[in-house]
Amino acid sequence: MANPLRWSAIAENVSSPVAAASGERRVTVFCRGPAGELLVIGGERGEFQPPTSLGVPLARDGSTTVPVDWPIGACATAPGEIQLVARGPEGELVHGTLRGTEWGGFESIGSPAAWFGSVGVPMGLTSAPVACSLLPGTMDVFALGASGVLLHSPWDGKEFAEFESLGGVVLNGGPDSPVLPPISATACGIRSIAIATRGARGDLLVKWWDGTKWTPFASLGLAAEPDQLYPAVKVPVPHKWWDGKDWTGFESVGCPATPEGALIPFTAASIACAWGKFQLDVFARGSDGKLYAATWSGSGPIAPPQA
């Protein structure tokens, strides 16, 4: 096990976590509480506060309110300002802004449309939306549409643009196949965006925006490496990172353990959030129902903050 992380529990009986870098050295985690409420957990350099509740998420749709589907996406657009995006019951996009502790709730934005000449037919989102921010005050939202195509809508701080289709997955000149949920999006500087998803074979697929155009999805391979005792056998491992030039091989970063030393396996996909150069917080839900967090500095665990 290479570079095992030090995992610590930050919440209990929660699910659907998502994290956003909310300021210098600060991370804000959102998750679903045991009663379906939206919980907020603030953290700074690996130290996290107890969860606070924003209530059960509902979205305003004219004079009525509609429920909000889980999971919910989060994206910081300024220090202390986080945009939340989610899907409504009819596949519509819903959006809300958290400024410090001020929360105004979600508002329904509507569904993307498939255009036939001048006639637009609403087509609901088929996956939970995700978002990232290239420039302060803006964000890019991504979700899956009908037939598994990747959809994209930029937000300029005031309005959302019409969703555009970025197509499906085409590998090695083969046929166009649907993008599989879930997807993730991250801004890589002020020009680049990376979209990641899992391929039909279980491999990692990545699509890049280089500032001028989108690349096709490319496969980074399966999350597996040769077993130390039987090199001919591949064993699964969960972690891979980009050093600015190349992708590393996949490697294990460990899992939490009980006081007696028994390992606690993770039961859902892990999430990650970068809050500084080579500074990464990783979160995952354990089989004991707790949400665990660990901090990584690019070459192994870093020391906890000093008082």
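Calculation rules
Residues numbered from 1 in each chain as written. Predicted model: local features only at pLDDT ≥ 70, side-chain atom pairs only at ≥ 80, totals over all residues. Heavy atoms only, no water. Pairing = 2+ DSSP bridges. Helix = DSSP H or I, 4+ residues; strand = E, 2+ residues; numbered from the N terminus. Phe/Tyr/Trp six-rings, centres within 6.5 Å; stacked < 30°, edge-to-face > 60°. Buried < 20%, exposed > 50% of the residue type's maximum accessible area, 1.4 Å probe, protein only. Disulfide = S-S within 2.5 Å. pLDDT = per-residue confidence, 0-100. Contact = heavy atoms within 4.5 Å. Core = buried A, V, L, I, M, F, W, Y, C linked by side-chain atoms within 4.5 Å.

## Focus: the sheet that holds strand β18 (residues 150-155)
A sheet is described by the order of its strands in space; here 4 strands give the open sequence β16-β17-β18-β19, paired in antiparallel fashion. In this open sheet, the two strands that pair with only one neighbour each are β16 (130-132) and β19 (164-165). Note that strand β17 (residues 139-144) and β18 share 6 bridges and pair antiparallel. Counted as the bridge partner of Phe142 is His152 from β18.

## Observations regarding the packing of aromatic side chains
One pass over the full model with this rule turns up 6 aromatic pairs. Consider the rings of Trp155 and Phe160, whose centres lie 6.0 Å apart with planes at 35°: the pair is tilted. Accessibility assignment for this pair places Trp155 and Phe160 in one class, buried. By way of ring pairs, the aromatic residues Phe142, Trp209 and Trp214 are connected into one cluster.

## Considerations on the state of the cysteines
Counted according to the given criterion, the structure contains 0 disulfides. Of all cysteine sulfurs, the one in Cys132 lies closest to Cys75, which takes part in no disulfide; the gap is 6.2 Å. The thiol of Cys188 is not disulfide-bonded; the next cysteine sulfur, from Cys132, is found 8.1 Å away. Owing to a relative accessible area of 33%, Cys188 belongs among the partly exposed residues under this scheme.

## Topic: the confidence of the model for the protein chain
In this model, the protein chain carries an average pLDDT of 84, and 82% of its residues clear a pLDDT of 70 or more. Here strand β25 (residues 234-236) stands out as the least confident element of the protein chain, with mean pLDDT 60; strand β10 (residues 81-87) is the most confident, with 97. A low-confidence stretch, residues 300-307 stays under pLDDT 50, and its non-local contacts, those more than four residues away or across chains, total 14 contacts.

## A few points about the nonpolar core
Ranked by size, the top nonpolar core spans 17 residues in total, and within it Phe30, Leu38, Val68, Ile72, Ala74, Leu84 and Phe106 carry the most contacts. Contributions of two or more residues to this core are made by β2 (15-23), β4 (38-44), β10 and β11 (93-99).

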